[in-house]
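These are the residues of each chain, in order.
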Amino acid sequence: MESRKLLPFTPHPVIFNLCLLLPCTYFTLSHSAKLGNDTDKLALLAFKNQITHDPTATLSNWNDSIHFCRWNGVICGARHERVVVLDLQSRNLTGTISPHIGNLTFVRSVNLRYNYFHGEIPKEVGRLYRLQVIGLTQNLLQGEISINLTQCPNLRILDLVANSLKGRIPPELGKLEKLTGLGLAVNNLTGPIPKSLANLTFLREFSLSENRLSGDIPRELGQLRLLRMFQISSNGLLTGSIPAQLFNLSLMEYFAVAENQLVLEIPPDIGFTLPNVRVLLLGKNQLYGSIPSSISNATKLEWLFISSGQLTGSIPQDLGKLKNLVKLNLGMNELGNGEGNDLGFLSSLVNCTKLEVLAVNNNSLSGVLPNQITNLSSNLNYLLMGANRISGSIPYDIQKLENLILIGMEENLFTGQIPASFGLMKNLQGNIPSTLGNCQSLQRLSLANNNLSGTIPKEVIGIPSITDCFGILVMEMFTGKKPTDEMFMEDLSLHSYVNKAIPEGVTEIVDVKLLEEVFHHQDIDRATTSRKQSKAQESLTSILKIGILCSTEQPGERLDMKEVVMKLQSLREMIQILAKSIHGLRRFDRRFFCNTAKFRGFEKKDGKGSTATDCHRNGLRTWRVAPGVQELARQRRTIEGKMKEKRNLQMGATRADLALKQLGKAL
């Protein structure tokens, strides 16, 4: 029982008599506080008992060793020592929410976001009449939204986002008149949006996206004048039109209605009526009409998605006023005026220095691609312009868009060559499309220095002229040089550079890193070294010859790709045989080095212990060595030389493996 109920503050004749009993009343109050403390402690322990997994040991101090007000995640009020906050966000807790939580009657905030709570939300939560915030985002909660929550009259934030709740949204939630944030997104809720939610006149955040809600958007929601977020995207079944009043809420910052079945014409004055909007997601609905020029006045806009509709007409020429624009998606509409001058907006977008996504694909845009496209934001990651009627050529300095990871220009009217500068884009990602196999006249394809994944499609391998690409790749791998390097000008190309060096000068053009440990060690057995060097040079020459034969000028003279694979496999087997000839020397060399170092008194002075100690740490026994320092040193150098040869052969085998890995899978 609470103290304020024991002593009601009302004028009454018996107040005088109560004053006479003040000492007794004081005892009653103290006893009541103690009972309250015990109630909170028992409620917390009952909560703990429902936790089946606590990987961070958050609840390890929930015991009698310290007062419960000092337990992890618990905050008490100074006056009554009652729990006012329970904050266990992001503790990876697994379990169910105990119904005893309803006994924490002084609690104002319950934050259990980002855990693994399952089961239903206890109905006893409705007893928390002081509760202002309940945060249960991203758990595994099931069942329906309990109408008992409406018994929490002081509730400001109801955050149930990203769970597995089902059923309808209770119309009774409209009674929570103090609510400022309603988050029910990413659940399995069905049915209509209740009209009663329009009674939540203090509401600022309204998020119901990614459910299965259906029906029309209640017109009454336009009365929520304080709304800053209106998010109902990705329900799929919402129909009808968007109430015009919602486009007149001047405080709106996040307006998302995409991926539904709404019939929508963008209001012509939207840039003036939503001056604070930062995110505007209208796409994947039944959009019609044109993009209003007033959109350029919404200068705070960061995301503009109005894709997948039936929009027609021109794209506003002054989108460059949107200096904060990060993502612009106008794709999959019917934009374009058919007069061949639809691309003027691209020059304006040069002013949008934060732009990361530009998608205008699958429209009816026509005109010559302006060179200014290369001056778009250096932050641009996605450039999608495919399936239009764009003409001209792709600018040579397209590589200035150095952060592109996806570029789409398919199904247009481009002429001229694909710029070699495409090979300088180092961030392209994704799979190599099999549709490249349709380019049967393709002479050269360079996709080096990217983050592409998957296998090389067999359709691409089947292109008669694509062996040129593989030949260039082989020469790049073994020389460390690229066709675009400055040294290759006029009559000198990577192909001719390698061809002139074979066979005698192969060691002069091969990557220094590949050779530095092969031909530069001294004081080892000369006969053995000569044989090994000869074999290594022979292997390198054979591999580079494959690169030459794959990249000859006449496609008809190039090797068939299946023949290339067979030759590489044969070379790989030869390299492996050479490597096995010195198999097992590495561990003996490590032991021998430890013994020799100890015998010769080589001690480390870096504070990390002696060489002998390091050898013990590596699990190597330091044996006693007989005298004969010079002989030991000679043997050691011989072994080191052989190990260097082995490492190089293994490196060569690895590079051959790299070349074979993709081709082997494709063929």
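These figures come from a predicted structure and were not determined experimentally.

What counts and what doesn't
Residues numbered from 1 in each chain as written. Predicted model: local features only at pLDDT ≥ 70, side-chain atom pairs only at ≥ 80, totals over all residues. Heavy atoms only, no water. Helix = DSSP H or I, 4+ residues; strand = E, 2+ residues; numbered from the N terminus. Buried < 20%, exposed > 50% of the residue type's maximum accessible area, 1.4 Å probe, protein only. Core = buried A, V, L, I, M, F, W, Y, C linked by side-chain atoms within 4.5 Å. Pairing = 2+ DSSP bridges. Axes fitted to C-alpha atoms, helices over the stretch in contact; angles between N-to-C directions. Disulfide = S-S within 2.5 Å. Polar contact = N/O pair within 3.5 Å; in protein donor to acceptor, adjacent residues only side chain to side chain. Contact = heavy atoms within 4.5 Å. pLDDT = per-residue confidence, 0-100.

1. Topic: the overall build of the protein chain
For step 1, the next point in the chain: Within the protein chain, the regular secondary structure consists of 15 helices and 30 strands.
For step 2, the next point in the chain: Taken across its 667 residues, the protein chain has 46% of its residues classed as buried.

2. Digging into the environment of Ser364
For step 1, the next point in the chain: The residue Ser364 is located in the loop between strand S23 (357-359) and strand S24 (366-368) in this model.
For step 2, the next point in the chain: The partly exposed category is assigned to Ser364, whose relative accessible area is 24%.
For step 3, the next point in the chain: Spatially, the C-alpha atoms of Ser364 and Leu335 are 5.5 Å apart, while their sequence positions differ by 29 residues.

3. Here we look at the nonpolar core
For step 1, the next point in the chain: Of all hydrophobic cores here, the largest spans 109 residues; its most connected members are Phe206, Phe230, Phe255, Leu349 and Leu358.
For step 2, the next point in the chain: Looking at this core, the elements that each hand over two or more residues are helix H3 (22-49), strand S2 (74-76), strand S3 (83-87) and helix H5 (344-348).
For step 3, the next point in the chain: If one sorts the elements of this core by residue count, H3 sits on top with three residues.
For step 4, the next point in the chain: Core analysis: the second largest hydrophobic core is formed by 18 residues, Phe488, Leu494, Ile502 and Val510 among them.

4. Description of the sheet that holds strand S8 (residues 140-142)
For step 1, the next point in the chain: With mixed pairing, four strands are arranged side by side in an open sheet as S1-S4-S6-S8. Looking at strand neighbours, the two that pair on one side only are strand S1 (51-53) and S8, the edges of this open sheet. Neighbour-to-neighbour, the strand axes of the sheet open up by a mean angle of 15°, direction not taken into account.

5. Notes on the state of the cysteines
For step 1, the next point in the chain: Scanning all chains against the criterion turns up one disulfide.
For step 2, the next point in the chain: Each sulfur of the disulfide joining Cys69 and Cys76 lies 2.1 Å from the other. Given an S-S torsion of about -95°, the disulfide between Cys69 and Cys76 has left-handed geometry. Comparing Cys69 with Cys76 shows no difference in burial state: the two are buried.

6. Things to note about the side chain of Asn211
For step 1, the next point in the chain: For Asn211, the location among the structural elements is in the loop between strand S13 (205-207) and strand S14 (212-216).
For step 2, the next point in the chain: A polar side-chain atom of Asn211 sits 3.1 Å from the main-chain carbonyl oxygen of Leu208.
For step 3, the next point in the chain: Beyond its immediate chain neighbours, meaning those up to four positions away, Asn211 contacts Leu184, Ala185, Val186, Asn187, Asn188, Leu189, Ser234 and Asn235.

7. Digging into the sheet that holds strand S10 (residues 166-168)
For step 1, the next point in the chain: Strand order in the open sheet formed by four strands is S10-S12-S14-S16, and the pairing between neighbours is parallel. Bordering the open sheet on either side are S10 and strand S16 (237-239), each of which pairs with just one other strand. This sheet shows a mean twist of 20° between the axes of neighbouring strands, independent of strand direction.

8. With respect to the side chain of Asn412
For step 1, the next point in the chain: Along the chain, Asn412 falls in the loop between strand S27 (406-408) and strand S28 (413-414).
For step 2, the next point in the chain: Side-chain polar atoms of Asn412 contact the backbone oxygen of Met409, separated by 3.2 Å.
For step 3, the next point in the chain: Leaving out residues up to four positions away in the same chain, Asn412 has contacts with Met385, Gly386, Ala387, Asn388, Arg389 and Ile390.

9. As for the confidence of the model for the protein chain
For step 1, the next point in the chain: Across the protein chain, the average pLDDT comes to 78, with 68% of residues at or above 70.
For step 2, the next point in the chain: Of the regions scoring below 50 in pLDDT, residues 582-633 engages in 59 contacts with residues more than four places distant in sequence or in other chains.
For step 3, the next point in the chain: A low-confidence stretch, residues 659-667 (pLDDT under 50), is modelled with 22 contacts involving residues beyond four sequence positions or located in other chains.

10. Structural notes on the environment of Thr105
For step 1, the next point in the chain: Summarising the element assignment, Thr105 is placed in the loop between strand S4 (94-96) and strand S5 (109-111).
For step 2, the next point in the chain: In this structure Thr105 comes out as buried when scored by relative accessible area, which is 19%.
For step 3, the next point in the chain: In this structure, the C-alpha to C-alpha distance between Thr105 and Val125, residues 20 residues apart in sequence, is 9.5 Å.

11. Let's talk about unusual backbone geometry
For step 1, the next point in the chain: Phi angles above zero are rare outside glycine, and Ala57 is one such case at about 55°.
For step 2, the next point in the chain: For Ala57, the position within the fold is in the loop between S1 and S2.
For step 3, the next point in the chain: Even without a glycine there, the phi angle at Glu259 is positive, about 60°.
For step 4, the next point in the chain: Examined against the element boundaries, Glu259 turns out to sit in the loop between strand S17 (254-256) and strand S18 (263-265).
For step 5, the next point in the chain: Looking at Glu259, the relative accessible area reads 39%, which means it is partly exposed.

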